[in-house]
Amino acid sequence: NAGVTQTPKFRILKIGQSMTLQCAQDMNHNYMYWYRQDPGMGLKLIYYSVGAGITDKGEVPNGYNVSRSTTEDFPLRLELAAPSQTSVYFCASNLEGAHNEQFFGPGTRLTVL
Amino acid sequence: AQSVTQLDSQVPVFEEAPVELRCNYSSSVSVYLFWYVQYPNQGLQLLLKYLSGSTLVKGINGFEAEFNKSQTSFHLRKPSVHISDTAEYFCAVAGPGANNLFFGTGTRLTVIP
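Residues numbered from 1 in each chain as written. Chains lettered and ligands numbered in written order. Predicted model: local features only at pLDDT ≥ 70, side-chain atom pairs only at ≥ 80, totals over all residues. Heavy atoms only, no water.

1. Comments concerning the pattern of salt bridges
In the structure shown here, the tally under the stated rule is eight salt bridges over all chains. With its nearest N and O atoms 3.0 Å apart, the salt bridge here joins Arg36 of chain A to Asp38 of chain A. If you follow the salt bridges from partner to partner, you end up with Glu20, Glu66 and Arg77 of chain B in one network. (Salt bridge = Lys/Arg side-chain N within 4 Å of Asp/Glu carboxyl O.)

2. Quick notes on the nonpolar core
In this structure, Leu33, Trp35, Leu47, Leu48, Phe74, Leu76 and Tyr89 of chain B are the most contacted members of the largest nonpolar core, which totals 28 residues. With four residues, strand S10 (residues 87–94) of chain B is the largest single contributor of residues to this core. Ignoring sequence-local partners within four residues, the contact set of Phe74 of chain B consists of Cys23, Leu33, Phe34, Trp35, Leu48, Lys49, Tyr50, Ala65, Glu66 and Phe67 of chain B. Tyr31 and Leu45 of chain A together with Tyr32 and Phe103 of chain B belong to the second-largest nonpolar core, a separate cluster that totals 21 residues. (Core = buried A, V, L, I, M, F, W, Y, C linked by side-chain atoms within 4.5 Å. Buried < 20%, exposed > 50% of the residue type's maximum accessible area, 1.4 Å probe, protein only. Helix = DSSP H or I, 4+ residues; strand = E, 2+ residues; numbered from the N terminus. Contact = heavy atoms within 4.5 Å.)

3. Description of the packing of aromatic side chains
Overall, the coordinates contain 14 aromatic pairs over all chains when judged by the stated rule. Measuring from ring centre to ring centre gives 6.2 Å for Tyr33 of chain A and Tyr35 of chain A, while their planes differ by 25 degrees; the resulting arrangement is stacked. Taken as a pair, Tyr33 of chain A and Tyr35 of chain A share a single burial class, namely buried. An angle of 65 degrees between the planes, with centres 5.9 Å apart, marks the rings of Tyr64 of chain A and Tyr89 of chain A as edge-to-face. Placement of the pair is Tyr64 of chain A in strand S7 (residues 64–66) and Tyr89 of chain A in strand S9 (residues 87–94), with a sequence separation of 25 residues. Among the residues examined, Tyr64 of chain A registers a relative accessible area of 4% and is labelled buried. Through a chain of ring-to-ring contacts, the aromatic side chains of Tyr31, Tyr33, Tyr35, Tyr48 and Phe104 of chain A together with Phe34, Tyr36, Phe90 and Phe103 of chain B assemble into a single cluster. The aromatic ring of Phe74 of chain A is capped on one face by Arg68 of chain A, whose charged end is 6.0 Å from the ring centroid. (Phe/Tyr/Trp six-rings, centres within 6.5 Å; stacked < 30°, edge-to-face > 60°. Lys NZ or Arg CZ within 6 Å of the ring centre and 35° of its normal.)

4. Things to note about the state of the cysteines
What makes a disulfide is a covalent bond joining the sulfur atoms belonging to two cysteines. Under the defined criterion, the tally for this structure stands at two disulfides over all chains. A disulfide bridge connects Cys23 of chain A with Cys91 of chain A, and the sulfur atoms are separated by 1.8 Å. Here Cys23 of chain A and Cys91 of chain A share a disulfide; its torsion about the S-S bond, -70 degrees, makes the bridge left-handed. Of this pair, Cys23 of chain A sits in strand S3 (residues 19–25) while Cys91 of chain A sits in strand S9, placing them 68 residues apart in sequence. Taken as a pair, Cys23 of chain A and Cys91 of chain A share a single burial class, namely buried. Covalent S-S linkage joins Cys23 of chain B and Cys91 of chain B, the inter-sulfur distance amounting to 2.0 Å. Looking along the S-S bond of the Cys23 of chain B-Cys91 of chain B disulfide, the torsion reads about -65 degrees, which is the left-handed sense. Of this pair, Cys23 of chain B sits in strand S4 (residues 23–26) while Cys91 of chain B sits in strand S10, and the two are 68 residues apart along the sequence. (Disulfide = S-S within 2.5 Å.)

5. What to know about the sheet that holds S7 of chain A
All names here are of chain A. The four strands lie next to each other as S1-S3-S8-S7, forming an open sheet whose pairing is antiparallel. Since the sheet does not close on itself, it has two edges, and those belong to strand S1 (4–7) and S7, each with one partner. When strand polarity is set aside, the average angle formed by the axes of neighbouring strands in this sheet is 20 degrees. For S3 and strand S8 (residues 76–78), the ladder comprises three bridges, and the chain directions are antiparallel. Paired with Leu21 across the bridge in S8 is Leu76. (Pairing = 2+ DSSP bridges. Axes fitted to C-alpha atoms, helices over the stretch in contact; angles between N-to-C directions.)

6. Things to note about the environment of Ser67 of chain A
All names here are of chain A. Turning to its location among the elements, Ser67 is positioned in the loop between S7 and S8. Once the C-alpha coordinates of Ser67 and Gly53 are considered, the two residues, 14 residues apart in sequence, prove to be 7.3 Å apart. Beyond its immediate chain neighbours, meaning those up to four positions away, Ser67 contacts Thr55, Asp73, Phe74 and Pro75.

Structure below.
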């Protein structure tokens, strides 16, 4: 099993550009999550999904969009990138519910200039 | 709503010395508590979790944590640290039936040879 994979690993965007961060898992997990990690701030939840076709906002959803058309994939879309979106983005998945262990991908480091 | 506070942003400790990383939580209901570890340039991985039952929880790599309801704490301990324990450690909380976790700001543990 590859676990949770994320692409790309690094990306530099100009202000106003758009991009999609890809996330895939091969563990047949229902729940998937997108976090951003900023120095000294811990992880903040952007969006999560409890199954294909179902998504919900987390703590910091502004400036992002998600979709979940399959169990395996959970892409994160940035529209009109801003310097405040410079961060490391982590995707995670688990079987069901917050009480279960979350499995994290290796992260995507995004810089917006 | 739930939240966690990690009281120390950085903890330096000599190799083979004991260490305690502190975590306090805030919640008006019963909670699930977690410790995750992040090694440099990697995603997070679960160290241990408390869902119910025994208040002393043992995890991987010799770590343990004690749930203290009266002090609303979930401190992480290891009796003798190794160089390889150098990493960032995150405490996290979730309420029963919740879909997502709330993470603390992290504690960077540096083990000094």
